[in-house]
Every structure is written in structure tokens, then in C-alpha cells.
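Topology and contacts: notes
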Amino acid sequence: MSILDCAIIGGGPAGLTAGLYTTRGGLENVTMFEKGMPGGQITNSSEIENYPGATGEITGMELMNPWPEQCQRFGLIHKMSNVTRVSKSGDVFTIYNEDGSTDQAYSVIIGTGSSPRRVGFKGEDELFGKGVSTCATCDGFFYKGKEVAVIGGGDTALEEALYLAKICSKVYIIHRRDTFRSAPNTIKRIENTDNIELVLDSTPDEVYGDKMGVTGIRVKNKNGEMRDIIVPGVFTFVGNDVNNETLKQDDGSFLCEMNDQGQVIVDITMKTSVPGLFATGDMRISAPKQVISAAGDGAVAALQAISYMDELLN
Ligand code: FAD
Ligand code: NAP
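Bear in mind that the values here come from a model prediction, so they are computed numbers and not experimental data. (Residues numbered from 1 in each chain as written. Chains lettered and ligands numbered in written order. Predicted model: local features only at pLDDT ≥ 70, side-chain atom pairs only at ≥ 80, totals over all residues. Heavy atoms only, no water.)

1. Regarding the overall build of the chain
In plain terms, the rule: Secondary structure follows DSSP: runs of H or I at least 4 residues long count as helices, runs of E at least 2 residues long count as strands, and numbering of each begins at the N terminus. The atom set for the radius of gyration is the C-alpha atoms, and the globule formula is 2.2 Å times the number of residues raised to the power 0.38. Every residue pair with non-hydrogen atoms within 4.5 Å of one another is taken to be in contact.
When helices and strands are counted, the chain shows seven helices and 17 strands. Relative to its length of 314 residues, the chain is compact, with a C-alpha radius of gyration of 21 Å against a globular reference of 20 Å. Overall, the C-alpha framework of the chain stretches about 65 × 45 × 35 Å when taken along its three principal axes. For the chain, restricting intrachain contacts to residue pairs at least 6 apart in sequence, the fraction spanning at least 24 positions comes to 60%.

2. Re the state of the cysteines
Threshold: Whenever a pair of cysteine sulfur atoms sits within 2.5 Å, that pair is classed as a disulfide. Only protein chains enter the calculation, and the probe is 1.4 Å; a residue is then buried if its accessible area is under 20% of its type maximum, exposed if over 50%, and partly exposed in between.
On inspection of all chains with the given rule, the structure shows one disulfide. Disulfide partner of Cys135: Cys138, at an S-S distance of 1.8 Å. Disulfide Cys135-Cys138: torsion about the S-S bond near 65 degrees, hence right-handed. With relative accessibility at 16%, the residue Cys135 sits in the buried group. Exposure remark for Cys138: the relative accessible area of 22% places this residue in the partly exposed category. Cys135 supplies the cysteine sulfur nearest to Cys168, a cysteine that is in no disulfide, at a spacing of 13 Å. Lacking any disulfide linkage, Cys256 is separated from the closest cysteine sulfur, that of Cys6, by 15 Å.

3. A short note on the site of ligand 2
The cut-off we apply is this: Any residue with a non-hydrogen atom lying within 4 Å of a molecule or strand is treated as near it. Residues were grouped as follows: Ala, Val, Leu, Ile, Met, Phe, Trp, Tyr, Cys and Pro as nonpolar; Asp, Glu, Lys and Arg as charged; and all remaining residues, including Gly, as polar.
Neighbouring ligand 2 are 15 residues; Asp155, Thr156, Glu159, Arg177 and Arg181 lie closest to it. Classifying every residue of the shell around ligand 2 by side-chain character gives three nonpolar, seven polar and five charged.

4. Some points on the sheet that holds strand β11 (residues 196-199)
As a reminder, the rule being used: Strands pair, by our definition, only if DSSP identifies at least two bridges between them.
The five strands are arranged β8-β15-β9-β10-β11 in an open sheet whose pairing can be described as parallel. Edge strands, defined here as strands with exactly one partner in the open sheet, are β8 (132-133) and β11.

5. Points about the pairing of strand β12 (residues 202-210)
Pairing of β12 with strand β13 (residues 213-221) involves eight bridges; the strand directions are antiparallel. Paired with Asp210 across the bridge in β13 is Gly213. Between β12 and the antiparallel strand that follows it, β13, lie two residues.

6. Here's the deal with the domain arrangement of the chain
What counts here: These domain limits were set by an automatic method or by a database of domain assignments. By convention, the term buried area covers the 1.4 Å-probe accessible surface removed from two parts as they join, with the contributions of both added. Put simply, a salt bridge is a Lys or Arg side-chain nitrogen that is within 4 Å of an Asp or Glu carboxyl oxygen.
As far as domains go, the chain holds domain 1 (6-116 + 240-313) and domain 2 (132-236). One C-alpha centre belongs to domain 1, the other to domain 2; they are set 33 Å apart. Here domain 1 packs against domain 2, burying approximately 470 Å² in sum over the two surfaces, 53% of which is carbon and sulfur. The largest contributions to the domain 1 side of the interface with domain 2 come from Glu47, Glu49 and Gln290, which together make up 62% of the buried area. There are zero salt bridges connecting domain 1 and domain 2.

7. What about the packing of helix α1 (residues 13-24) against helix α7 (residues 291-313)?
In a pair of packed helices, the angle between the axes and the distance between the axes together describe the arrangement. Counted only if it meets this: Axis lines are fitted through C-alpha atoms, for helices just across the contact stretch, and the angle between N-to-C directions can take any value from 0 to 180 degrees. Should the near helix be turned anticlockwise from the far one by less than a right angle, the crossing is termed left-handed; should it be turned clockwise, right-handed.
The N-to-C vectors of α1 and α7 enclose an angle of 35 degrees; their axes lie 7 Å apart at closest approach. Helix-helix and strand crossings are classified by hand; for α1 and α7 the assignment is right-handed. Contact residues: α1 offers Pro13, Ala14, Thr17, Ala18, Tyr21 and Thr22, while α7 offers Val291, Ala294, Ala295, Gly298, Ala299, Ala302, Leu303 and Ile306. Taken together, the residues of the contact of α1 with α7 sort by class into eleven nonpolar, three polar and no charged.

8. Focus: α1
The criterion, for reference: Take the number of residues in a helix, subtract one, and multiply by 1.5 Å to get its expected span.
Between its terminal C-alpha atoms α1 stretches 16 Å, which fits the 16 Å expected from twelve residues at 1.5 Å a residue. Looking at α1, one finds that the buried residues are Pro13, Ala14, Gly15, Leu16, Thr17, Ala18, Gly19, Leu20, Thr22 and Thr23. The inward-facing, buried residues of α1 abut β1 (4-9), β2 (30-34), α2 (60-64), α3 (66-72), β6 (102-110) and α7.

9. Let's talk about the packing of aromatic side chains
Short version of the rule: Ring geometry is summarised as follows: Phe, Tyr and Trp rings, the Trp one being its six-membered ring, pair when their centres sit within 6.5 Å, and such pairs are stacked at plane angles under 30 degrees, edge-to-face over 60 and tilted between the two. Only when the NZ atom of a Lys or the CZ atom of an Arg is both within 6 Å of the ring centre and within 35 degrees of the ring normal do we say a charge sits over the ring.
Overall, the coordinates contain four aromatic pairs when judged by the stated rule. Judged by centre distance (5.8 Å) and plane angle (90 degrees), the ring pair of Tyr143 and Phe235 falls under edge-to-face. Pair noted here: Tyr143 is in the loop between α4 (136-139) and β9 (147-151) and Phe235 is in strand β15 (residues 233-236), with a separation of 92 residues, a long-range link. Each member of the pair, Tyr143 together with Phe235, is buried. Ring centres 6.3 Å apart and planes at 10 degrees place the aromatic pair Phe235 and Phe237 in the stacked group. Phe237 carries the same exposure label as Phe235, and that label is buried. An aromatic cluster is defined as three or more aromatic residues linked by ring pairs; in this entry it consists of Tyr143, Phe235 and Phe237. A cation over a ring is seen here: Arg85 above Tyr96, with NZ or CZ 4.2 Å from the ring centre. Above the ring of Phe128, the side-chain terminus of Arg118 is found at 4.0 Å from the ring centroid.

Written as C-alpha cells, this is what we have:
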């Protein structure tokens, strides 16, 4: 079995850009391991407006469609595989595939992304990307001048609600308790914002809609009373899970240093604490969680991987 110059784990914007830059930059034998269709989570979005140059009505799927082919032209190999673990011994990484096989590589760029937690109410999955969103920066503009609902009571929910309140005519914050898990100053700003209504001690029961998307959300309060809130957009911010399982070792430790939220600690060049291992996109610390920044990380990591290989093999 030959040893890959570089293994890329994850085929979202970060992984695909890393694939483009490593192959075009001269690395041989670069394989991208992706468990599903390449493209990443943005393929769930019905419209993307903030990727530079992508003007007009374009879906996330349409944005990402040409990326794999562009990389393959420079020699990127796509292996459809769910990677269960990455480990390192000496200078060589081992990639464990779910089918039981293994691959080896001198460098690894990981970009397995993150998954916004689902709240778990009826209609959430069916209407995801059609009015149910987990990204105010991405989708808030579609509701300019309209009313929206925000689910959650942490820093993210409150900060995103403040962002949405500048664009939307009204924001309902639906939170399951009557106190927030957020910085006091943020709570004060929420209370001082006229077009935010707090719907406390309440949980979403069902989001509903028609073929055009969401039309409303039904919430239940602690007394069991139901209320219909008529909105075309529902934003859920109930926490995020970083997809870091592949870095977990047999003894439960992680291959490289992580922060207490399970995000990979990197420096400005995407280097992790393990030489030859680079982490990119949504899974790294301080990630802006945008396609453009994930792609940028992929390019930065690829250039670093090329330098690392130069030093290792020459
Ligand atoms: P991801 O896109 O999450 O890609 C990770 C990839 O790794 C996935 O393809 C996954 O299948 C694969 N993978 C995970 N684990 C494994 C494994 N063990 N083995 C093999 N493969 C694995 N951003 C914007 O800039 N503008 C927007 O308008 C916008 N809208 C959004 C709308 C929605 C509905 C969502 C969900 C997100 C949106 N975002 C938007 C955010 C953007 O999609 C992410 O920031 C970006 O996709 C992160 O890229 P990534 O490559 O780090 O990870
Ligand atoms: P979080 O702090 O975990 O808050 C999640 C919120 O969602 C909580 O209010 C929680 O309710 C609610 N929730 C969780 N599951 C739910 C469910 N199934 N149904 C209804 N509500 C549910 O997540 P986060 O806001 O994304 O923040 C993550 C971390 O990043 C935190 O440490 C946060 O402080 C930090 N952060 C910091 C900043 C900042 O410093 N400016 C900004 C953003 C995030 P309960 O409160 O009842 O548990």
C-alpha cells in the first residue's frame, strides 16, 4: 500500500479547497475521504447570497456542484468513506475507514465540519432549508421587513436575535425557561430592543408550512397552552456539535489539542498541535462558520501541507 502525500477528511468547502490547492500545488496521491456527496452542509441551503461572485438566485447545491470536478481535473482522488479514526505513529498517519480498511498518509487535512443541534420539534427536519434555518448571517436577509422566530436562550440565540432585529420587522425569542444562559449585557440589549418579543417558558411544538416554505410555528407554554406565531422564518440556535469523532483515539483522548467545546485548536496557519495534521472550517476554534472562510482555511492548510511535505521528504 503506497503512502498518500495527503489525506483530506471531509468534502465540504474546506476539504474541497484543500483538495484543489494540494493537487494543483504538486502533491501526488492526494485522496479526499467523504462519507456522502461532496459539497458539505451548504448543499442544504436553498439560497446563498454571500459567496463572492455567486450572484443571482443560486442554491447551495448549485454553488458546490462544480467544486469536485475542478479538483479532480488536477488529480484529486475521491474516496467515498466514513472515516472512523485518524491516528499517527512516527511520521505516518493511519486513516481507519468504516468498512474496516485502512489508508496511510504523511499529512492530513481534516474538515469534517459541525452540525447544528436539532431542537426536535415536528416539521423541523422537513422544513429545514425551507424556512427553518440555523444561520442568521446566511438567511436573515431573506426575511427583511418580515417577522421571524428564534429558538434558544444562549449567547448564540440572543446575539443572532439582535442581528435579525436589525433586518426583520419583529423577532420572537422562544425559550424553554424564563432566564437566559447568556452574558448580562446581551440580555440587557435584548430587553431594550423594541421589536423583540420574549416568549418564555415555552417550547416549539410544531413548525408548519406549505410548498413555498414555513408559514408558522406552534408553541406550548408551561401551562400546556398553545399559541400560533405566524412567521415565514424560524431560526434555531440550541448549540452546535463539532464533528470531531475521527480524532478520538482508542483510549478516549484526542489526537491533537482541543478546547472545552470540542473544537480543534489551530494557529493562524491551520496547524494543530500534531505536526502534519491541519484542521479547517467549522471544526476549528473561532470559526466564522461561513463557506468563504472554510474555503480560505482549506487553501491555507493545503499550502502548509505542501511545505510540511517538502521538509519531511527532502
Ligand atoms: P461542512 O460543510 O460541514 O463539510 C464537512 C464534510 O465532511 C461533510 O460533507 C461531511 O459529510 C463530511 N464528513 C463529516 N464527517 C466525516 C467522516 N467521519 N468521514 C468522512 N466525511 C465526513 N455559509 C455561508 O457562507 N453562507 C450561507 O448562506 C450559508 N447558509 C447556510 C445555510 C444552512 C442551512 C447551513 C446548515 C449552513 C449555512 N452556511 C452558510 C454555513 C456553511 O455551510 C458552513 O460554514 C460550511 O459549509 C463549513 O464548511 P466545512 O467544509 O468546514 O464543513
Ligand atoms: P448554549 O450556551 O448551549 O445554549 C443553548 C440554548 O439552547 C440554551 O438556552 C438551551 O436552553 C437551549 N436549548 C438547548 N436544547 C434545547 C431544546 N431541545 N429545546 C429548546 N431549547 C434548547 O449554546 P450557544 O448559545 O450556541 O453557545 C455555545 C457556547 O458558545 C457557550 O459557551 C456560549 O457562551 C458561547 N458563545 C459565546 C458568545 C460570546 O461570548 N459573545 C457568543 C456565542 C456563543 P437552557 O438554557 O434551558 O439550557
